[in-house]
Every structure is written in structure tokens, then in C-alpha cells.
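Observations on the three-dimensional arrangement
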Amino acid sequence: KYEWSEEVEKMLKDVFKISSFRPKQLSAINSTLSRQHTIVVMPTGAGKSLCYQLPALVEPGITIVVSPLVSLMEDQVRSLKNKEINAMLMTSTSPKEETNAALNALKDIKTPIKLLYVTPERLAKSKRFMANLQKCFSNGRLQRIAIDEVHCCSHWGHDFRPDYKYLGILSNMFPGVPLLGLTATATAHVLNDVQKMLNIPGCLIIKSTFNRPNLFYKILEKPTSNDECLNILEKLLKHRYKNESGIIYTNSIKDAEDVTNGLRQKGLKVGCYHANMEAEARSKVHIKWHENYYQAIVATIAFGMGIDKPDVRFVIHHTISKSMENYYQESGRAGRDGLRGECVTLYRMQDIFKVSAMVFSSVGSMDFLYGMVKYCLNGHLCRRELIAKHFDEDWGDSDCNKMCDVCISNSNVTKEINLESHCQTL
Ligand code: ADP
Ligand code: MG
Ligand code: ZN
């Protein structure tokens, strides 16, 4: 239906080897190819990168990709090169030759480069880079600017980065060049702020659903004593999740170590993962879990990037997350294969204080934690509906299909949350 539609389909199959789009990917691609400023909101793992990588191949010229994390950029450039797509990256730590090559590519009207990844401070602080980008623009070769993790623009987001504020000049500096922001943060507050910061009022916002129908959500009362907590975990791993693979998230390195040791003493095969371990040790644990030698990995949130195990059947939160955004992302590592996964949170009041000290020192606000506590304390509203509302999504008449503890207990005689019923009736 668009002049580019055929080419888009062809690239999807021939270059990316993907058989079909995920929800909203094609809308996002069509929107940005129509040269509209667009913000794409999709959960982590939904496939936001494709929304700028594919258009980059459909049109002539260069796509600039602004991304906050060098490791993510390196991963993407590597994977693009494997697909024989010409991509480069430029960070403050890039070797001189690479930086020069990238700068020349911007000026060169014959360059084969399709995507250039840069950190936000490049745009902000490198005069040379900006001068060359201006040349690229006046040669008509600046195709579009993609801004990944665009919520970093906003003070209201959970991950504000000062360098993102310089991106506000782009829409005026390069009129006619479409900006494409991408994020998994969906609150109206943050999205409004992002539009303001980028000077793109009235841009098109394309949002996919955050509902994960195959995930079951449950809160368990967390006992005061550590031994009793361990007993719960033991029961879950030995019975309910027997022969299944999962993750147990803890709030501190000490907890991760204690829980690992405790479960090992009970004869369970679990691995421990946190930021204080050497990279090599971490990767060993990851591999052993991936190969199902370990039933579960007991980890702090340092365990996040690069988890692509499709058959994670359970994610247990030994302590509440510091925000719903975090919780959604961490628990969302279950059930990537589309089969049932369970997201269980152990909740007790005293943990609020433990987490709040951390939250306050990092973001200076308790609002994020409040959302998480509300989710745990809620006893009458469907948890799935609560998650939808948190992400400003219209739940309407959607059905949970008894995929949360509240919907189950609302349909049961007993409303009590206890472990026995959790283990037997589900
Ligand atoms: P996000 O940035 O939204 O977290 P990514 O862009 O990193 O997600 O994509 C996550 C994974 O999904 C990648 O491995 C990607 O290749 C894959 N992917 C993206 N789109 C599709 C699709 N339409 N079909 C199958 N896999 C896809
Ligand atoms: Mg991404
Ligand atoms: Zn429900």
C-alpha cells in the first residue's frame, strides 16, 4: 500500500530472515518512512531495533542511532555485520582510526555505511562530529535519527541521562529529517516530557501492548525468618517447578549468596550471579544455567543483559523490585517461548524499607517503589489489569483467563494466599 511496502517485506525476509512482523513493528516502520516524527513504545524484547534497522536499508543515506550504552551498540553492530549490513559505531573510547573513518563516512556522498551508532555525548560535545553531520544533512544524505531508550530525556523516567538533553536541537537543526524515539517506558508523563525535550509536539506515538497472556502473576506472603523463606523456595523448586528452569531475583549480593548456599544445602542445583563476580565467573554460571545444569540462577538485577533463554518457566522475586518498570522487565524474562511462565513475588512489609533506601539514593523519589507496593498489596483487582493501568494501557474488557492469583481466588471459595494452595490447586 506504500511505495516502499514491497521493499520492506523483501528486506525482512532476505536480510533479517524474519518471517513476519511482531505487533506494531510495521506501523512504526511505515510511520517513520512517511517522514513523520515517531515515538515507538514497546516492551523490552519486543523488537524495537528492527523499526530503524530495516528502514535504514530501504532508503539511501545514513541513519544515525543514538544509544546510551556502548555494550548494546557493540552487540547491534556485530549482529548487523553478520547480516552483511554496513554499520559503524563511534564512542568516546573508539580507536582514532575508527572515529576518523566514521567522520569521513558522514561527509562522503558515496559511503556504503547505512547505520552509524553514536553516544549522546557525541552529538552534544563533538564539534567535529556535528560539523560532519551538518554536511551529511546538506548533501541530503541524513536519512533519519533514531534515539534508543528515549525516556532517558526525561527527568520523570527511571533512567535520566543529562547528555540526552542536547538532542533537543536536532529537530530544528535538521528540518525534514524524521526522528524516531524508542522506549519501553510507557507512562503518559514521560512520553509528554520526551516530546517536549525533543521539540516534536504532535509526533505519532505507536504503542504495542504490554500484556503477556502466557505469564501467570502471583504474590506470596514472605515470612519474617530467612529459613522459612528458603523453605518456600525449596518447595517451589522441588515440586511446582521440578525439572523446570528459572530465575530467583534478590535485592542484594548478600541475599543472592545466602539464598544460593541455603538452596544448595537442600540439595538443589542453583548458580549465583551478581556484579561483584569476575566477568568470567559470571559467564560460566550463565552457561551452566543455559545448559540446564542449574535449575535456577539466583541473581541480583545485574543479571539482565543477554538473557535469551526461551524456556524460562519461572521468575521468583525474593524481594520486591524497586519499580513496576523493573518488575515488568525482570519478570518478563519468563515464557519467551510463548508457553506458560510464572512470576511469583515474595512480599513482606519490612522489605519496603530495605528497598526504599536504595531507591531514594538512586532516583530521589519514592513514586517508583510506590507502584510496586501497590501491585503487591492489591488483593481485589486483577494483577494483569493493574500492570496494564500502570503502563497507561486501556484494559477494557480484556480477559485475564485466570492467569493471576487474584482472578483465581475471586473465582474460588478460599481467598487465602498460602503456599499449599499455590502448589496444589494451580
Ligand atoms: P527491544 O529493543 O525492543 O528490547 P530488540 O530489538 O533487541 O528488542 O529485539 C529482541 C529480539 O527480537 C532480537 O533478537 C530480534 O532479532 C528479535 N526480533 C525482532 N523482531 C522480530 C520478529 N518480527 N520476529 C522474530 N524475531 C524478532
Ligand atoms: Mg532495545
Ligand atoms: Zn487476573
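How each quantity is defined
- Residues numbered from 1 in each chain as written.
- Chains lettered and ligands numbered in written order.
- Predicted model: local features only at pLDDT ≥ 70, side-chain atom pairs only at ≥ 80, totals over all residues.
- UniProt positions renumbered as here; feature names shortened; annotations may be inferred.
- Core = buried A, V, L, I, M, F, W, Y, C linked by C-beta atoms within 7 Å.
- Buried ≥ 20, exposed ≤ 12 C-beta atoms within 10 Å, placed from the backbone.
- Helix = DSSP H or I, 4+ residues; strand = E, 2+ residues; numbered from the N terminus.
- Pairing = 2+ DSSP bridges.
- Axes fitted to C-alpha atoms, helices over the stretch in contact; angles between N-to-C directions.
- Near = placed C-beta within 6 Å.
- Nonpolar A, V, L, I, M, F, W, Y, C, P; charged D, E, K, R; others polar.
- Contact = placed C-beta atoms within 7 Å.

- As annotated in an unreviewed UniProt entry, the chain is ATP-dependent DNA helicase from Leptosia nina.
- According to UniProt, the comment filed for the chain under the heading Sequence similarities (unreviewed entry) is "Belongs to the helicase family. RecQ subfamily."
- Recorded under Cofactor (unreviewed entry), the UniProt text for the chain is reproduced unchanged: "Zn(2+)".

1. So, the nonpolar core
- Judged by nonpolar contacts, the single largest core of 116 residues is most densely connected at Val 40, Val 66, Leu 116, Leu 233, Ile 297 and Val 298.
- The dominant element in this core, judged by the number of residues it contributes, is helix α10 (residues 226-240), at 6 residues.

2. Describing the sheet that holds strand β8 (residues 215-221)
- The strand order across the open sheet formed by 6 strands is β8-β13-β12-β9-β11-β10, and the pairing between neighbours is parallel. What marks the edges here is a single partner per strand, and that holds for β8 and β10 (270-273). Strand-to-strand twist in this sheet, taken as the mean axis angle between neighbours without regard to direction, amounts to 20 degrees.
- By the bridge criterion, 4 bridges tie strand β9 (residues 245-249) to strand β11 (residues 296-299) in an arrangement that is parallel. Following the sheet pairing, Gly 246 is matched in β11 by Ala 296.

3. Brief notes about the site of ligand 1
- Close to ligand 1 lie Ile 18, Phe 21, Arg 22, Gln 25, Met 42, Thr 44, Gly 45, Ala 46, Gly 47, Lys 48, Ser 49 and Leu 50, which account for all nearby residues.
- In the shell around ligand 1, the residues fall into 5 nonpolar, 5 polar and 2 charged.

4. Details of the sheet that holds strand β5 (residues 142-148)
- The 7 strands lie next to each other as β3-β4-β2-β5-β6-β1-β7, forming an open sheet whose pairing is parallel. If you trace the sheet from one side to the other, it starts and ends with β3 (87-90) and β7 (204-207), each paired once. Neighbouring strand axes in the sheet, compared pairwise and without regard to direction, differ in orientation by 20 degrees on average.
- Of the pairings in the sheet, the one linking strand β1 (residues 38-41) to β7 comprises 4 bridges and is parallel in character. Bridged to Ile 39 within β7 is Ile 205.
- Of the strands in this sheet, β3 and β4 (115-118) touch helix α4 (residues 70-82), which is tilted by about 160 degrees from β3.

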